[in-house]
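Secondary and tertiary structure notes
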Amino acid sequence: MSGGTGTQVGIVLDNVRYEYPNGVVALRGVSITMGKGETVAIVGENGAGKTTLAKHLNGLLKPTSGSVTVDGIDTRGRTAASLARLVGFVFQNPDDQLFQNQVSREVAFGPRNLGYAADRVEKLVRWAVEQVEITDLLARHPYDLGLAQRKLVAIASVVAMDTPYIVLDEPTTGQDYPGTEKLGRLVARLGSAGKTVMAITHDMEFAAEHFARIIVMAQGQVILDGSPREVFSHPSGLERASVEPPQLARLGQLMGLGECILNEEDLLRSLC
Ligand SMILES: Nc1ncnc2c1ncn2[C@@H]1O[C@H](COP(=O)(O)OP(=O)(O)OP(=O)(O)O)[C@@H](O)[C@H]1O
Ligand SMILES: [Mg+2]
């Protein structure tokens, strides 16, 4: 199936192993399938291999063994540039990504670079800043903005490329509660538009509240993979990955409430 456009929709990682040139093995046999419209949070302690995994989705890294296919296309034969229409990638640090002197230019850069016509670029920019809720920043200079807002600009600049797959590395870093909620709404909007959203996060409340699926990684492997309720019902796996469940889930466990408590409704139901 390598090379040509297959009929298979989705991203498939099959037994992916990745060794950095210095000999560090960052992924040890990772197999994951992500379908259209799925919202997936990747969690796990520092060094678990989350960013290495994410960089495999758009071909920035190629597996040392095993394979990654995006809509049936094997990334091994492709450059990251040629996968850019399929997979958008927002870096952990927005300053690795921002280099224009105005937010509107920054957000337009991606779609323009994909060769889209000017009127389409304009529509995509407007749509992207609405999705990310930063319409008010269009005329600003990215470097006059704080880290949290620069991060939102970096996200909008990738959303504007209108790719079916979007990968966000630590989107909530530096965001206050309203910023995090903004990102939660973005994930929901992109998911209901049929896009697959994968976000790496250390924020378990964000993962539990806004994603349908959570993948827990430890030492280059997938430890747990399921709905927030399934994943946060496995304290031993979470402990192995040094992941603390959301506060409410911990409270529920301490109170011996039996079921996995993820929101106030769960709590009220289990107390009644
Ligand atoms: N460029 C690199 N060269 C060599 N080793 C690397 C490189 N980047 C990451 N590593 C190593 O690979 C392993 C996985 O790193 P990775 O950045 O994928 O983890 P992560 O889960 O994203 O961590 P964090 O939560 O800190 O961002 C770690 O042992 C890390 O030190
Ligand atoms: Mg990382």
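The structure displayed is predicted, hence computed values, not measured ones. (Residues numbered from 1 in each chain as written. Chains lettered and ligands numbered in written order. Predicted model: local features only at pLDDT ≥ 70, side-chain atom pairs only at ≥ 80, totals over all residues.)

Notes on the overall build of the chain
Keep this limit in mind: In this description a helix means any DSSP run of H or I spanning at least four residues, a strand means any run of E spanning at least two, and both kinds are numbered starting from the N terminus. The reference for a compact globule is 2.2 Å times residues^0.38; the radius of gyration itself is calculated from the C-alpha atoms. With C-beta atoms placed from the backbone, a residue is buried if 20 or more other C-beta atoms are within 10 Å of its own, exposed if 12 or fewer are, and partly exposed between those counts. Note that contacts rest on C-beta atoms placed from the backbone: two residues are in contact if these are within 7 Å.
Looking only at helices and strands, one finds 11 helices and 10 strands in the chain. For 272 residues, the compact-globule estimate of 2.2 N^0.38 gives 19 Å, and the C-alpha radius of gyration of the chain, at 19 Å, lies within 12% of that figure. Counting only C-alpha atoms and orienting by the principal axes, one finds that the chain spans roughly 60 × 45 × 35 Å. Buried positions account for 44% of the 272 residues belonging to the chain. Within the chain, counting contacts between residues at least 6 apart in sequence, those at least 24 apart form 63% of the total.

A look at the environment of Leu 168
Mapped onto the elements, Leu 168 comes out in strand S7 (residues 165-169). Along the backbone, Leu 168 and Gly 88 are 80 residues apart, and their C-alpha atoms lie at a distance of 8.4 Å. In contact with Leu 168, other than residues within four places in its own chain, are Val 90, Ile 155 and Ala 199.

Some details on helix H5 (residues 147-159)
To be explicit about the condition: To estimate how far a helix should extend, the number of its residues minus one is multiplied by 1.5 Å.
Counted at 1.5 Å a residue, the expected span for H5 with its 13 residues is 18 Å, and the 18 Å between its end C-alpha atoms agrees. Among the 13 residues of H5, 11 are classified as buried, and the element is accordingly described as predominantly covered. Buried residues in H5 make contact with strand S6 (87-90), helix H3 (103-113), helix H4 (118-132) and S7.

Description of the pairing of strand S10 (residues 221-226)
Keep this limit in mind: Paired strands, as defined in this entry, are two strands with at least two bridges between them according to DSSP.
In this structure, strand S9 (residues 213-218) lies alongside S10, joined through five bridges in antiparallel fashion. Note on S10: the bridge partner recorded for Met 217 is Val 222.

Structural notes on the nonpolar core
Just so we agree on the cut-off: Connectivity within a nonpolar core runs through C-beta atoms within 7 Å, and the core itself is a set of buried Ala, Val, Leu, Ile, Met, Phe, Trp, Tyr and Cys residues. Note that the domain bounds were set by an automatic or database domain assignment.
Within the largest apolar cluster, 81 residues are counted, with the highest numbers of intra-cluster contacts made by Ala 156, Val 167 and Val 216. If one sorts the elements of this core by residue count, H5 sits on top with seven residues. Residue assignment places this core across two domains, with domain 1 (1-86 + 164-180 + 192-245) and domain 2 (89-162) each supplying three or more.

Some remarks on unusual backbone geometry
The phi dihedral of Glu 133 is positive, around 60°, even though this residue is not glycine. Mapped onto the fold, Glu 133 is located in the loop between H4 and H5. We classify Glu 133 as partly exposed; it has 18 C-beta atoms within 10 Å. Backbone geometry at Asp 162 places phi at a positive 55°, although glycine is not the residue there. Along the chain, Asp 162 turns up in the loop between H5 and S7. According to the C-beta neighbour criterion, Asp 162 is buried, with 20 such atoms within 10 Å.

Section: the domain arrangement of the chain
The following threshold applies: Here the term charged refers only to Asp, Glu, Lys and Arg, the term nonpolar to Ala, Val, Leu, Ile, Met, Phe, Trp, Tyr, Cys and Pro, and the term polar to all other amino acids, Gly among them.
Segmentation of the chain into domains returns domain 1 (1-86 + 164-180 + 192-245) and domain 2 (89-162). Measuring from the centre of the C-alpha atoms in domain 1 to the corresponding centre in domain 2 gives 23 Å. Each partner contributes residues to the interface: domain 1 has 15 residues there, and domain 2 has 12 residues. Among the elements that make up the side of domain 1 that touches domain 2, the one with the highest residue count is S7 (four residues). A breakdown of the residues in the side of domain 1 that touches domain 2 according to their chemical character gives five nonpolar, six polar and four charged.

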